[in-house]
Amino acid sequence: MSISSSLGTIPRPRKQMESSVTTIQQSDTLIGWQGIRFTLPPDWNLTSFSLESESGYLRVDSPGDSGLCAQVRWQTAGRNTRKIRTMYDILAPHARKLFRRPEPVVPPPDLKATLEKILKASKKEASKSKMTFESVIKSERTEGVAGERTAASFSFVGGGRGQGKIWHCKVCNRIVVAQIVGTQKDSRAIQAIASQFLGSLSCHSSTEYDLWALYDLNVEIPKTFKLNSQKVMSGNLQLSFMHGGEMIRVERWGLATMVLKKFTIEEWLRANAYINAGKALVQESACNEKHAGVESQLKVKLFDKIKLFKLARGFALPMASHYAGCMWLCPEEQKLFMVEVLTRKKNPELMHKVASSCNCHSGSSL
Amino acid sequence: MLLRPVHNSLITVEEKEDGEIILHIPMKEKVGFLTKLLAKCVQLPTEKRVELDEVGSFVWKLCDGSNTLESVVQKVGREYKMNRREAEVSTTTFMEMLIQRNFIAFYKKTRKGG
């Protein structure tokens, strides 16, 4: 797992936040992960993912035993391909920065070669099970809002059936390969789903926030914060993001009515807060536009700072010294949501922004 | 997913006021001379009690042989607002546990003459 960090949290205009949340139909499955975002038919579920943002993999399976799945693979193109071997490799970037010279032009990646490599691997797999393999690659074209993508569509038959697309995006400099895979008899279903999936797929966010959406958790996090850890369990989802010594943690519990039979929402916040919130003041607050809940603001104590220091692997001094956390119940979905931020300066606005972006259910109840 | 879970008929069920269920599982008869002798001297329990929580009780009530595993998953998901995957994972895990302890069994409805 790689953890990268950058500086500064950038406030986001509210309009952008609202628009990005309302562009999907509620019944569809929305997936957001490491800047990759797409929709699929209802009840499809994320079954495999990687934590890295530079290169990674996502797999989303259809419900039941149909065997259809959507796969997305991405990799940052061009950069970091040359390993540091000579003194020139070390000094050149610094000299360029000093004399304000532009970065050397990286040639666009060879999409066809990349795709052929992938299809060759699939062909090898098919030949192992003594099946014929045929693939079709369509010619490259430019697409996207400002022609930022160079893309090529492909399809294959053999062992299974698949339809997909490969592209390179100039904005995020990623090569993305996305495909819908199924069995031989699924050709119609593959075509229908591929058009929705590939049409909705985007590899970067146009705002300063990335959408993170899996299962019923749907939240927007500043791009500067990188995914540090995750917990995906039945009934409990947790995503933790780090940026230097600062942290954002988003958590969701299912079966809220059962939890709230034994605990009050204040007790549950205190018990699950990242820092020790023993007897901290917890007050009622409007956590987001839809629900009222409770929130607490505290100073981070030394013991918790050490815990945070360990997570940040000691690269991020000074550590966060202010904690703000809020929790609310979404009665429509019977779920409890918690957003926590640990920042260097007192910044409850960040917590409120993240909490506001959390789309726990459709409609409004407050 | 077309299998139908059904209770072990030896288990008796007690329902609490809040709808939660207590299972009474009869203990196996003691074998061996020493155990029998000990059972006469000390009163050994004749049954085990297992208390199920709200969701467990809900699933137990559905395991009456009339519902398929698929329909149990759907009903759990609908009742507790879980998405499909969450309901599937939690229900099948719970049922695996019940099967290991011989509390339930699965049967498949076959067509006449099939």
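Worth saying up front: this structure is predicted, and the values here are computed from it rather than measured.

With that out of the way, let us pick up the overall build of chain B. Counting its regular elements, chain B contains 4 helices and 5 strands. Ordering the α and β elements of chain B from the N terminus gives β-β-β-α-β-α-α-α-β. The globule rule puts the C-alpha radius of gyration for 114 residues at 13 Å, and the 17 Å found for chain B is more than 25% above it. A principal-axis box enclosing the C-alpha atoms of chain B has dimensions of 55 × 45 × 20 Å. Considering only intrachain contacts with a sequence separation of at least 6, the fraction spanning at least 24 residues in chain B is 62%. Roughly 7,700 Å² of accessible area belongs to chain B as shown, and the carbon and sulfur atoms make up 55% of that amount. Distance from the positive charge centre (19 side chains) to the negative charge centre (16 side chains) of chain B: 10 Å.

A separate point is the overall build of chain A. Of the regular secondary structure elements, chain A holds 8 helices and 19 strands. Here chain A, with 366 residues, has 49% of them falling under the buried criterion. At a minimum sequence separation of 6, the contacts of chain A that also span at least 24 residues come to 53%. Of the roughly 19,000 Å² of accessible surface on chain A, 55% is carried by carbon and sulfur atoms.

Okay, the interface of chain B and chain A next. Tallying the contact residues gives 14 residues for chain B and 20 residues for chain A. Taking both partners together, chain B and chain A bury about 1,300 Å²; carbon and sulfur atoms supply 49% of that area. Between the two partners, chain B and chain A, sit 2 salt bridges. Here Glu54(B) ties to Lys261(A) by a salt bridge, and the two come within 2.5 Å at their closest N and O atoms. Linking chain B with chain A are 6 residue pairs in polar contact (both at pLDDT 80 or more), by the criterion used here. For the side of chain B that touches chain A, the secondary-structure elements that each account for two or more residues are helix H2 (54-62) and helix H4 (84-100) of chain B. Element by element, the count of residues in the side of chain B that touches chain A is highest for H4(B), at 5 residues. When grouped by side-chain class, the residues that make up the side of chain B that touches chain A number 5 nonpolar, 2 polar and 7 charged.

What follows concerns the confidence of the model for chain A. Averaged over all residues, the pLDDT of chain A equals 82, while 88% of them reach at least 70. In the predicted structure, residues 1-26 of chain A sits below a pLDDT of 50 and forms 49 contacts with residues beyond four places in sequence or in another chain.

All right, on to the packing of helix H3 (residues 69-79) of chain B against H4(B) then. All names here are of chain B. Where H3 meets H4, the closest approach of the two axes is 9 Å, and the angle between their N-to-C directions is 120 degrees. Between H3 and H4, the interaxial angle falls into the category oblique. The handedness of the crossing between H3 and H4 is right-handed. Taking contact as the criterion, the partners of Leu69, Glu70, Val72, Val73, Gln74, Val76 and Gly77 in H3 are, on H4, Arg84, Ala87, Glu88, Thr91, Thr92 and Met95. Residues belonging to the contact of H3 with H4 are distributed by class as follows: 6 nonpolar, 4 polar and 3 charged.

Bringing the side chain of Ser240(A) into the picture now. Mapped onto the elements of the fold, Ser240(A) is located in strand S14 (residues 236-243). Not counting residues up to four positions away in its chain, the partners in contact with Ser240(A) are Lys226(A), Leu227(A), Asn228(A), Ser229(A), Met247(A), Ile248(A) and Arg249(A).

One pass over the structure, following the stated rule, counts 18 salt bridges over all chains. Here Asp216(A) and Arg252(A) are joined by a salt bridge, their closest N and O atoms 3.4 Å apart. With a gap of 36 residues between them, Asp216(A) in the loop between strand S11 (209-214) and strand S12 (217-222) and Arg252(A) in strand S15 (residues 246-253) connect regions that are remote in the sequence. The salt bridge involving Glu333(A) is made with Lys335(A); its shortest N-O contact spans 4.0 Å. Residue class for Glu333(A) comes out partly exposed when judged on its relative accessible area of 26%. Taking relative accessible area as the criterion, Lys335(A) reaches 1% and is therefore assigned buried. Each member of the salt-bridge network shares a partner with another, and the members are Asp216(A), Arg252(A), Glu333(A), Lys335(A) and Glu86(B).

Moving on, we come to the environment of Ile99(B). Residues and elements named next belong to chain B. Within the element layout of this structure, Ile99 appears in helix H4. Judged by relative accessible area, Ile99 falls into the partly exposed class, the value being 32%. In this structure the C-alpha to C-alpha distance between Ile99 and Leu44, which are 55 residues apart in sequence, comes to 26 Å. Ile99 has contacts with Ile104 and Phe106, leaving out every residue within four places of it along the chain.

Residue and element names in this part refer to chain A. Per the domain assignment, the segments making up chain A are domain 1 (26-83 + 88-96 + 103-200) and domain 2 (215-357). Here domain 1 and domain 2 have C-alpha centroids that lie 33 Å from each other. On the side of domain 2, 6 residues touch domain 1, which itself brings 7 residues to the contact. Interface area, domain 1 with domain 2, both sides summed: about 630 Å², of which 63% is carbon and sulfur. There are 0 salt bridges connecting domain 1 and domain 2. Our enumeration of links across domain 1 and domain 2 arrives at 1 residue pair in polar contact (both at pLDDT 80 or more). For the side of domain 1 that touches domain 2, the elements supplying multiple residues, two or more each, are strand S1 (29-33) and strand S3 (45-49). With 3 residues, S3 is the largest single contributor of residues to the side of domain 1 that touches domain 2. Class assignment for the residues of the side of domain 1 that touches domain 2 results in 5 nonpolar, 2 polar and no charged.

A word on the confidence of the model for chain B. Scored by pLDDT, chain B comes out at a mean of 87, with 96% of its residues at no less than 70. For chain B, per-element mean pLDDT is lowest for helix H1 (residues 33-41) of chain B, which scores 79, and highest for H2(B), which scores 93.

All right, on to a nonpolar patch on the surface then. Residues and elements named next belong to chain A. Judged by side-chain polarity, Met87, Ile90 and Leu91 come together as a nonpolar surface patch covering roughly 300 Å² of accessible area. Along the chain, the position of Ile90 falls in helix H2 (residues 87-98). Residue class for Ile90 comes out partly exposed when judged on its relative accessible area of 40%.

Calculation criteria
Residues numbered from 1 in each chain as written. Chains lettered and ligands numbered in written order. Predicted model: local features only at pLDDT ≥ 70, side-chain atom pairs only at ≥ 80, totals over all residues. Heavy atoms only, no water. Helix = DSSP H or I, 4+ residues; strand = E, 2+ residues; numbered from the N terminus. Rg over C-alpha atoms; globule rule 2.2 N^0.38 Å. Contact = heavy atoms within 4.5 Å. Areas by Shrake-Rupley, 256 points an atom, 1.4 Å probe, with all protein chains shown as cover. Lys, Arg positive; Asp, Glu negative; His and termini not counted. Charge placed at Lys NZ, Arg CZ, Asp CG, Glu CD. Buried < 20%, exposed > 50% of the residue type's maximum accessible area, 1.4 Å probe, protein only. Buried area = accessible area lost by both parts, 1.4 Å probe. Salt bridge = Lys/Arg side-chain N within 4 Å of Asp/Glu carboxyl O. Polar contact = N/O pair within 3.5 Å; in protein donor to acceptor, adjacent residues only side chain to side chain. Nonpolar A, V, L, I, M, F, W, Y, C, P; charged D, E, K, R; others polar. pLDDT = per-residue confidence, 0-100. Axes fitted to C-alpha atoms, helices over the stretch in contact; angles between N-to-C directions. Parallel < 35°, antiparallel > 145°, perpendicular 65-115°, else oblique. Left-handed = near helix turned anticlockwise from the far one by under 90°. Domains from an automatic or database assignment. Patch = residues over 30% accessible without salt bridge, like charges linked within 9 Å, V, L, I, M, F, W, Y side chains within 5 Å.

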